[in-house]
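The residues making up each chain are set out below.
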Amino acid sequence: MSLPAPTSDALAASHALQHRIAAEIERQSGAIPFRRFMELALYAPDLGYYSGGAAKLGKDGDFTTAPELTALFGAALAQVAAAIMAQSAPRILEFGAGTGKLAHDMLTELARAGVHVEQYAIVELSGELRARQELALAAFPQVRWLDNFPDAFSGAVFGNEVLDAMPVDLVSKTPAGWCELDVGIEDGRFAFVERPAGAAALAQIAAQIPQPEALPVGYVSEIHGVACGFMRSLARMLGAGAGGAAVLLDYGFPAHEYYLGQRAAGTLMCHYRHHAHADPFYLPGLQDITAHVDFTAMALAAQDAGLDVLGYMSQAAFLLGAGVGELLLRTDPADAMAYLPQANALQKLVSPAEMGELFKVLAVGRGVQLPAALLAGDRSHRL
């Protein structure tokens, strides 16, 4: 691969993480589940991609998220937050707040509209990102940082590109049945090691993959036990509160589109300095590792744990239903210097050829409803 060379300090940090992972593989008799490798690569203390000190987002990082493109994204989500809080409590909880840009834009828009926000809580695992958030949100005294789920919560919950960063298990269909792809070491390098799928993996395969018997031998994909556990925790948290809803935005598919025969290599993808590739073993700790979201599995996990599925739609339908077009028109189209950058950014967010169709929005909750304008684009029946 022709990828940008890391600095010597970054390379040294990656080597330290590789030694840490290799030591765990040795302790575990030569192999660890891929989800554990991914967890260490992303979240190992001080060395993982999200827990280390390197910039992740924007032009100096590895990828750009919707809030970084335009403040219209956060302003649109603020309209939805206001509707949810009006039915529950004046609190917002965000998982994985990135640079703090989404929180800043939502709080700015809500203040502009005169909507009181008693508390804006952020659950953030990255020390580097939390430091950036603290600077970006210094003007908002209601912001608090949490290390984990609160026991109970009422209000509006948001997670933008959170589910895709949760560790996954990799499974492969062989002539003898399903195998899990663990990670071992071969010739001094990390490598996949097949082992017969255990009971937990087989149960997850049965729960997630609609027709596993129809898939070809050699088929590789992901199962999302960790993300399903997150949805169950979300349900417990909202269930213990007095009403609220979670809005999760990410790239992915419903199960019947996810597990297609032609998607035989899965969806695992890595991002390094704005380059995308498929090698999860390249410079651990310096690159993001993600998988597309199985939104059917997420919706079922939430529903089985007691939440209602409030809506499922494309990002384009969600943003347009939230009034992002009207928000754009606050800028005079005659002022081309101000209007065109915003219009171009919005086009990227809603165009089917860009983020508008690949990114989906799942809303789950208890005791609240989404605004009717949002439900015009609802595709829950396709889950």
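Above this text you will find the structure in question.
Residues numbered from 1 in each chain as written. Predicted model: local features only at pLDDT ≥ 70, side-chain atom pairs only at ≥ 80, totals over all residues. Heavy atoms only, no water.

Participant: I tried to follow the packing of aromatic side chains on my own but got confused; where do I start?
Facilitator: The relation between two aromatic rings is expressed through the spacing of the ring centres and the mutual angle of the planes. Here the structure, examined in full by the defined rule, presents 16 aromatic pairs. A ring pair is formed by Phe-190 and Phe-281, whose centres lie 6.2 Å apart and whose planes are at 50°; its orientation type is tilted. Here Phe-281 lies in the loop between strand 12 (275-277) and strand 13 (288-290) and Phe-190 lies in strand 8 (residues 189-196), a separation of 91 residues in the sequence. Using a relative accessible area of 12% as the deciding quantity, one classes Phe-190 as buried. Residue class for Phe-281 comes out buried when judged on its relative accessible area of 17%. Here the basic side chain of Arg-263 rests over the ring of Phe-253, its NZ or CZ set 4.2 Å away from the ring centre. (Phe/Tyr/Trp six-rings, centres within 6.5 Å; stacked < 30°, edge-to-face > 60°. Helix = DSSP H or I, 4+ residues; strand = E, 2+ residues; numbered from the N terminus. Buried < 20%, exposed > 50% of the residue type's maximum accessible area, 1.4 Å probe, protein only. Lys NZ or Arg CZ within 6 Å of the ring centre and 35° of its normal.)

Participant: It is not clear to me how the environment of Ile-185 should be interpreted in this structure. Could you clarify?
Facilitator: Its place among the elements puts Ile-185 in strand 7 (residues 177-186). By relative accessible area, Ile-185 is classed as partly exposed at 43%. Once residues lying within four places of it in the same chain are set aside, the contact partners of Ile-185 are Ala-22, Ile-25, Gly-30 and Phe-190. (Contact = heavy atoms within 4.5 Å.)

Participant: Any chance you could explain the packing of helix 1 (residues 8-27) against helix 2 (residues 34-43) here in plain terms?
Facilitator: The description of two helices packed together rests on the angle between their axes and the distance between the axes. Orientation of helix 1 relative to helix 2, taken along the N-to-C sense of each, is 150°, at an axis distance of 10 Å. In this view, helix 1 runs roughly antiparallel relative to helix 2, as classed from their interaxial angle. Judged by the sense of rotation from one axis to the other, the crossing of helix 1 with helix 2 is right-handed. Every residue of helix 2 that contacts helix 1 at Leu-17, Ile-21 and Glu-24 is listed here: Arg-36, Phe-37, Leu-40 and Ala-41. Here the residues of the contact of helix 1 with helix 2 are counted per class, giving five nonpolar, no polar and two charged. (Axes fitted to C-alpha atoms, helices over the stretch in contact; angles between N-to-C directions. Parallel < 35°, antiparallel > 145°, perpendicular 65-115°, else oblique. Left-handed = near helix turned anticlockwise from the far one by under 90°. Nonpolar A, V, L, I, M, F, W, Y, C, P; charged D, E, K, R; others polar.)

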